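What follows is each chain in one-letter form.
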Amino acid sequence: MSIPQSGGGQIESQAQLAEYLASGCKPAEDWRIGTEHEKFGYTLGDHLPLPYEGRASIFAMLTGLRDRYGWNPVEEAGKLIGLEKGGANVSLEPGGQLELSGATLRTIHETCDEVNAHLREVKSIADEIGAGFIGLGAAPEWSEAQMPVMPKGRYALMTRYMGQVGTTGTMMMYRTCTVQVNLDFASEADMVRKFRVGLALQPVATALFANSPFFDGRVNGWQSWRARIWRDLDPARTGMLPFVFEEGMGFERYADYALDVPMYFVYRDGNYVDALGQSFRDFLDGRLPALPGEKPTLSDWADHLTTIFPEVRIKKFMEMRGADGGPWRRLCALPAFWVGLLYDSVALDAAWDLVKGWSAEDRDHLRHDAAKDGLRAAAPGGREMRDLARDVLAIAQAGLARRARPGAGGLVPDETHFLNALHESIATGQTPADELLAKYRGPWKGDLSRIYAEYGY
């Protein structure tokens, strides 16, 4: 969940939009890691999604975390819709998916400690109220009608709009979960290099973390149904952004792209003003139908940037958005994968060498095939995704080794062990989705309800 921004002053010129993005540049010694992950909650008795209110509910989870662990409440229109503490947020996705948006930390050791502490807190409250949580890319059984609706004005507007621009928008909102990592850049040139590598290799992350082979109570034929859903959501604000690979890419070019993405809302005085489908360019000129005569502030621009959903996006930092939500032990592997590739210059150069000859069609085909076939997908150059992923993982491993950030008081020399789960996938050729399907077709004997006991926490 993105929290509405405030302040920043009125925008006086279009140049400020790119300057806002560029203001995120920072030297390498100040780079940080921010991990976000979502998970589905359900009632232990009947395996149905947690409602907002009740004994086993989202509200009970939030109040339990607030009262026992010292989180501060975040409210909207008198409703508790999140928590914050120490630079981290616990927030809600539209269908009640519980998300940790972690603090910006120096090492993966620290981010993993944060994730583990959060999951222990969640489990302690969940055990008391009769709830469970599970890390998957898509809800395995629940219909859209069964999903609760969280009391947020932003989500009400998005729900209304989704049916006008695609066919899978509300599936994404209410019945998918992701894990992502947010990273820094040093300069415009550094941002462009990282953006290009991140987009080109996002399908590798999709394959390695594929974890949504079930939907509506049956096998759906895809390794990552979550990634499949994103393909038919809203072409104006999703996808692989071919312009990023063109001459002239930079902060200004991304701002131009964002200006052409239709708006969702403007946040004013605690309320979401309906601006669905309207133009931020008109807003700059004081001609926004939702607020005639009013011009935007930088906080309005910051809010608008949160409504854009490509596979990689930038704000004052860069977000890697291609992975399914997953089990506890894999949550730390995603930041390790991308930090190893993008926070070491030798690794970044090697990764670019792998992908620089790919065409836009190559990248889009890889995105599709990764979602469909996981590590068995066809990769550019007649290779298999498993072989490509092995090469990419080796680059990330070497990048983390050169980074050499110790943990456990110096007992662990670097962050490479966080990649172990991914090495196992490469060695076996099995994604989390493959593991789930093997259980479903084997010991579960087609009983999908077994997933909660074996994979819930």
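As a reminder, the structure under discussion sits directly above these lines.
The structure contained in this document is the topic of the report that follows. (Residues numbered from 1 in each chain as written. Predicted model: local features only at pLDDT ≥ 70, side-chain atom pairs only at ≥ 80, totals over all residues. Heavy atoms only, no water.)

A look at the overall build of the chain
Heads up, the condition is: Helix and strand assignments come from DSSP, with helices taken as H or I runs of at least 4 residues and strands as E runs of at least 2, each series counted from the N terminus. As defined in this context, the radius of gyration uses C-alpha atoms, and a globule is described by 2.2 Å times the residue total to the power 0.38. Exposure categories follow from relative accessible area, calculated using a 1.4 Å probe and restricted to protein chains: below 20% of the type maximum is buried, above 50% is exposed, and the middle band is partly exposed. The contact criterion used throughout is that any non-hydrogen atoms of two residues lie within 4.5 Å. Accessible areas in this description were obtained via Shrake-Rupley with a 1.4 Å probe; residue shielding takes into account the shown protein chains only.
Looking only at helices and strands, the chain features 17 helices and 17 strands. On C-alpha atoms alone, the chain measures out to a radius of gyration of 21 Å, which is about the 23 Å that the 2.2 N^0.38 rule sets for 457 residues. When each of the 457 residues of the chain is scored for burial, the buried share is 60%. Restricting the contact set of the chain to residue pairs at least 6 apart, pairs at least 24 apart contribute 73%. Surface exposure of the chain reaches about 16,900 Å², of which carbon and sulfur atoms provide 50%.

Focus: unusual backbone geometry
Here the phi dihedral of D216 falls at roughly 55°; this positive angle occurs in a residue that is not glycine. Relative to the helices and strands, D216 is located in the loop between strand 8 (214-215) and strand 9 (218-219).

What to know about the state of the cysteines
Selection rule: Note on terminology: disulfide denotes any pair of cysteine sulfur atoms within 2.5 Å.
In this structure the tally under the stated criterion is 1 disulfide. Disulfide pairing places C112 opposite C332 at an S-S distance of 2.0 Å. Between C112 and C332 the disulfide shows an S-S torsion of about 90°. By sign, it is right-handed. In this pair, C112 is assigned in helix 3 (residues 108-129) and C332 in the loop between strand 15 (318-324) and helix 11 (333-342), connecting sequence segments 220 residues apart. No difference in accessibility class separates C112 from C332, as the two residues are buried. Between C177, a free cysteine, and C332, which holds the nearest cysteine sulfur, the sulfur-to-sulfur gap is 17 Å. Note on C177: relative accessible area 1%, which makes it buried.

Structural notes on the packing of aromatic side chains
To keep things clear, this is the line we draw: Stacked, tilted and edge-to-face are the three classes applied to pairs of Phe, Tyr and Trp rings, where Trp contributes its six-membered ring and a pair requires centres within 6.5 Å; stacked means planes under 30 degrees apart, edge-to-face means over 60, and tilted covers the rest.
For the structure on display, the rule yields 22 aromatic pairs. Ring geometry for Y42 against Y452: centres 4.9 Å apart, planes inclined by 55°, an arrangement best described as tilted. Taken as a pair, Y42 in strand 1 (residues 33-43) and Y452 in helix 17 (residues 450-455) lie far apart in primary sequence, 410 residues in all. Owing to a relative accessible area of 2%, Y42 belongs among the buried residues under this scheme. Here Y452 falls in the buried class, since its relative accessible area comes to 3%. Consider the rings of F215 and W225, whose centres lie 5.7 Å apart with planes at 40°: the pair is tilted. You can see F215 sitting in strand 8 and its partner W225 sitting in helix 7 (residues 225-230), a full 10 residues away along the chain. No difference in accessibility class separates F215 from W225, as the two residues are buried. An aromatic cluster of at least three residues, connected via ring pairs, comprises F40, Y42, W142 and Y452.

Overview of the pairing of strand 4 (residues 88-92)
What counts is decided by this rule: Between any two strands, at least two bridges found by DSSP are needed for them to pair.
When you tally the buried positions in strand 4, you get 4 out of 5 residues, the bulk of the element. Where strand 3 (residues 79-85) lies against strand 4, 4 bridges are found, and the strand directions are antiparallel. Pairing of G82 across the sheet is with S91, part of strand 4. Connecting the antiparallel pair strand 3 and strand 4 is a turn made up of 2 residues, with G86 showing a positive phi of about 55°. Of the pairings in the sheet, the one linking strand 4 to strand 5 (residues 98-101) comprises 4 bridges and is antiparallel in character. The partner of V90 across the bridge, within strand 5, is L100. Once strand 4 ends, the chain turns through 5 residues before running back antiparallel as strand 5, passing G96 with a positive phi of about 90°.

A look at the packing of helix 11 against helix 12 (residues 345-355)
Between two packed helices, both the angle of their axes relative to each other and the distance between the axes serve to describe the pair. Heads up, the rule is: Axes here refer to lines fitted to C-alpha atoms; in helices the fit is confined to the stretch in contact. Angles between the N-to-C directions go from 0 to 180 degrees. When an angle is under 35 degrees it counts as roughly parallel; over 145 it counts as roughly antiparallel; between 65 and 115 it counts as roughly perpendicular; any other value is oblique. For this scheme, ten residues count as nonpolar: Ala, Val, Leu, Ile, Met, Phe, Trp, Tyr, Cys and Pro. Four count as charged, namely Asp, Glu, Lys and Arg, and the remainder, Gly too, count as polar.
One way to put it is that helix 11 packs onto helix 12 with a least axis distance of 6 Å and a crossing angle of 95°. In terms of orientation, helix 11 and helix 12 fall into the roughly perpendicular class. On helix 12, the residues that touch G340, L341 and L342 of helix 11 are A347, L348 and A351. Per-class residue counts for the contact of helix 11 with helix 12 are 5 nonpolar, 1 polar and no charged.

Quick notes on the pattern of salt bridges
When charged atoms on two side chains of opposite charge get close, those side chains can pair. Test applied: Salt bridge criterion: a side-chain nitrogen from Lys or Arg within 4 Å of a carboxyl oxygen from Asp or Glu.
Here the structure, examined in full by the defined rule, presents 33 salt bridges. The shortest N-O distance in the salt bridge between E319 and R313 comes to 2.5 Å. Judged by its relative accessible area of 1%, E319 falls in the buried class. A salt bridge links R402 to D344; the shortest N-O distance between them is 2.9 Å. Placement of the pair is R402 in helix 14 (residues 385-403) and D344 in the loop between helix 11 and helix 12, with a sequence separation of 58 residues. The exposure class assigned to R402 is partly exposed, which follows from its relative accessible area of 43%. Shared partners join several salt bridges into a network, and the residues in it are R313, K315, E319 and R321.

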